[in-house]
Amino acid sequence: MPPNEFDRQLLNRLVANRTSRRRFIGGGAAAAAALAMGGSFLAACSSDNKSATGGTTSTQEGPASGTLRISNWPLYMADGFVADFQKATGITVDYKEDLNDNEQWFAKVKEPLSRKQDIGADLAVPTTFMAVRLHGLGWLNDLGDIPNKKNIRQDLLEASVDPGRKFSAPYMSGMVGLAYNKAATKRDITKIDDLWDPAFKGRVSLFSDAQDGLGMIMMSQGNSIENSSMETVQKAIDLVKEQKEKGQIRRFTGNDYADDLASGNVAIAQAYSGDVVQLQADNPDLHFVVPESGGTTFVDTMVIPYTTQNQKAAEAWINYVYDRPNYAKLIAHTQYVPVLSDMTDELNKIDPKLASNPLINPSKETLAKLKGWPALTDEQTKQYNDAYAAVTGG
Amino acid sequence: MAGAATSNRQRSKIAPYLMILPALVYLGIFFVVPFYSLARTSLSSSGGSVYLPTLDFNWDFANYFEAFSHYQDQIIRSFVYATTATLLCLLLAFPLAYVIAFKAGRYKNLILGLVILPFFVTFLIRTIAWKTILADDGWVVGALGSIGLLPSEGRLLSTSWAVIGGLTYNWIIFMILPLYVSLEKIDPRLIEASKDLYSTNRRSFTKVILPLAMPGVLAGSLLVFIPASGDFINADYLGSTQTTMIGNVIQKQFLVVKDYPAAAALSMVLMLIILVGVLLYTRALGTEDLV
């Protein structure tokens, strides 16, 4: 077994019939798109009403109580977890799985947030770059006293995007790499160049998200994502454009690459680690690999919008999640890489195989090949996104 | 007596206006206002911060030139796809509508019901179902491959044909129903009369049936062509990176790039082209009234 492949049978057993959270049917995505479009449209039509109806931030003293409204990604939660939290704290949770796509979610919430109007959530779980964006716009509250914050992995606690984790609390982290269908490729896939193999013409899918899509390609060109520039990004975009014009690339996908991969329409796809576990349960020919030249990581983070109506309960939730035995239950469900340190003992208590799962506990060699995007300026993000969208959207 | 008659007459004058009032109010709120907003956005330029740009209305026609020059491929492709889909719909729907109108007898309602039945399932689900049917490893591709009928890409899904097929499939009901309505209205005695005058079947079709069905052809093709040219779902699910339609570009500009002026300008360009096309088409077919 190549060092970067994961034990399929073990993974199959672990996932049983769960669907990972990044996998969702396109219908939901399109409906969300329609909603988001409708929302911003109506907002754009309304007059310049700048009167803020917000300012309802809870400042109550004493223990947290009341209702906590959470927006999270679909299937990113363990069974019974919310109920246990309610029992332990007396807080009522209104848990919604209405986060499907960072940019589309942003398109939906930016108008109300810019007017300091409630967005129907006291805590949300966007990906790091989105959390940084919201923070930059001044739309996030700082996290108050969260005793269990000390359990966060050191590298995440000190991450340059939010040193000391003042406004964003990591929820799950995962790997962005390549997934392939061995029945279609007939060989092992190890590097980015395999994507451009003429044998797979029209059977490759890439992420339309600039960071997830371009990161590993930049690394394969010998460039670093840690100090990116428009030139290095453009070089990766030019390569994608060339391959697109050749007909190599079948689709630019969001999280909906999974179906094409499983059904064999796509032979190699850029993929998120957790998804492949689920897909392997139905299709043992699927494999996940971090390319030789390296892959990227993503971290989804819990944030408290400044329109929250229950700051204390949100903090209590984060504290509860950061309790190691509780967090182990989440990991056992989502199969992603823990954001807390020293999880081995707690994971072993649930299932000894969890801690030895390379998808949950990546090997040193794998970790060495993974890089995370640093915080980019707004202008950089917009430049990169727009330049890539010109290729993926046209 | 005279007074009462006057007030009756006055009331009957006002009544039509009162009756169209709700529709006018509705159109005012849900069509005129958004349209004005769209037109205004399309002529604005965005400035200010990156994520909260302010739109300044300054007759920025450059948006239109950029929209057209950057995306003319997608615009042309959209109209080629939509035209092909409309023609396919017409070819498929005419015989069916004819059979329902003239030959179905007591099965008329049953067949009409069957035509409408698939549309109880949502548009998205039906489109995604085609992904499964046309999958590379599916039986359709296998069967077509074995008789050598596959397009040059060696697959069906993610080709132009899949997108055109999806458009045809999704909008054909809007061709069948108007055609059926206009064919149904034809008095069969006119056809009998043409036969009595020694016309061949073909001549009764071209001289009697087709001209009388023209309003249905016109209405049907507009109902298919207009939504098909702005569609993005079919190209999204059934297409590839090389079958992008203008609807996909607009969707991406609105939701991902969030360049509202560019997106609005593209929407206006799409609308204008459709409008001009429809006017020319209506004039060419010479039909004054729709249906």
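The structure displayed is predicted, hence computed values, not measured ones. (Residues numbered from 1 in each chain as written. Chains lettered and ligands numbered in written order. Predicted model: local features only at pLDDT ≥ 70, side-chain atom pairs only at ≥ 80, totals over all residues.)

Describing the domain arrangement of chain B
Residue and element names in this part refer to chain B.
Step number 1: The domain boundaries assigned to chain B delineate domain 1 (2–42) and domain 2 (71–285).
Step number 2: Domain 1 puts four residues into the contact, and the matching count from domain 2 is six residues.
Step number 3: In the side of domain 1 that touches domain 2, the residues fall into two nonpolar, two polar and no charged. (Domains from an automatic or database assignment. Contact = placed C-beta atoms within 7 Å. Nonpolar A, V, L, I, M, F, W, Y, C, P; charged D, E, K, R; others polar.)

Structural notes on the sheet that holds strand β2 (residues 92–96) of chain A
All names here are of chain A.
Step number 1: Taken together, three strands build an open sheet; the order of strands is β2-β1-β3 and the sheet is parallel. Every other strand in the sheet has two partners, leaving β2 and β3 (123–124) as the edge strands with one partner each.
Step number 2: Direction of pairing for strand β1 (residues 67–71) relative to β3: parallel, over a ladder of two bridges. Bridge pairing in β3 places serine 71 opposite alanine 124. (Pairing = 2+ DSSP bridges. Helix = DSSP H or I, 4+ residues; strand = E, 2+ residues; numbered from the N terminus.)

Side note on unusual backbone geometry
Residues and elements named next belong to chain A.
Step number 1: The backbone of lysine 116 shows a phi angle near 55°, a positive value even though the residue is not glycine.
Step number 2: Although it is not a glycine, aspartate 342 sits at a positive phi angle of roughly 50°.
Step number 3: When you line up the elements, aspartate 342 lands in the loop between α13 (324–334) and α14 (344–350).
Step number 4: Residue classification places aspartate 342 among the exposed residues on the basis of 10 C-beta atoms within 10 Å. (Buried ≥ 20, exposed ≤ 12 C-beta atoms within 10 Å, placed from the backbone.)

Some words on the interface of chain A and chain B
Step number 1: Listed as interface residues are 33 residues of chain A and, on the opposing side, 35 residues of chain B.
Step number 2: Elements with a minimum of two residues in the side of chain A that touches chain B: α2 (26–45), α4 (102–114), β6 (249–253) and α17 (378–392) of chain A.
Step number 3: Classifying every residue of the side of chain A that touches chain B gives eleven nonpolar, twelve polar and ten charged.

Remarks on helix α5 (residues 139–146) of chain B
Step number 1: Of all eight residues in α5(B), zero are buried, a share of ten percent or less.
Step number 2: Positive backbone phi, at 70°, marks B:Gly148, one or two positions downstream of α5(B).

What to know about the nonpolar core
Step number 1: With 165 residues, the main nonpolar core has A:Ile268, B:Leu179 and B:Leu266 as its most contacted residues.
Step number 2: Among the elements that line this core, the one with the most residues is helix α2 (residues 62–103) of chain B, at twelve residues.
Step number 3: Filtering out sequence-adjacent residues up to four positions away, B:Leu266 remains in contact with B:Ala67, B:Tyr71, B:Ile246, B:Val249, B:Ile250 and B:Gln253. (Core = buried A, V, L, I, M, F, W, Y, C linked by C-beta atoms within 7 Å.)

A word on helix α6 (residues 160–171) of chain B
Residue and element names in this part refer to chain B.
Step number 1: Here α6 contains twelve residues, and its C-alpha end-to-end distance of 17 Å stays within 8% of the 16 Å for a straight helix at 1.5 Å per residue.
Step number 2: Ala162, Val163, Ile164, Gly166, Leu167, Thr168, Asn170 and Trp171 are the residues of α6 that are buried.
Step number 3: Buried positions along α6 lie against α2, α4 (123–133), α7 (173–184), α9 (201–230) and α10 (233–238). (Expected span 1.5 Å × (residues − 1).)

Re the packing of α17(A) against helix α11 (residues 246–257) of chain B
Step number 1: Closest axis-to-axis distance for the α17(A)/α11(B) pair is 11 Å, and the angle between their directions is 165°. Our classification of the angle between α17(A) and α11(B) gives roughly antiparallel. When the axes of α17(A) and α11(B) are compared, the crossing they make is right-handed. Across the interface between the two elements, A:Asn385, A:Asp386 and A:Ala389 of α17(A) pack against B:Lys252, B:Val256 and B:Val257 of α11(B). (Axes fitted to C-alpha atoms, helices over the stretch in contact; angles between N-to-C directions. Parallel < 35°, antiparallel > 145°, perpendicular 65-115°, else oblique. Left-handed = near helix turned anticlockwise from the far one by under 90°.)

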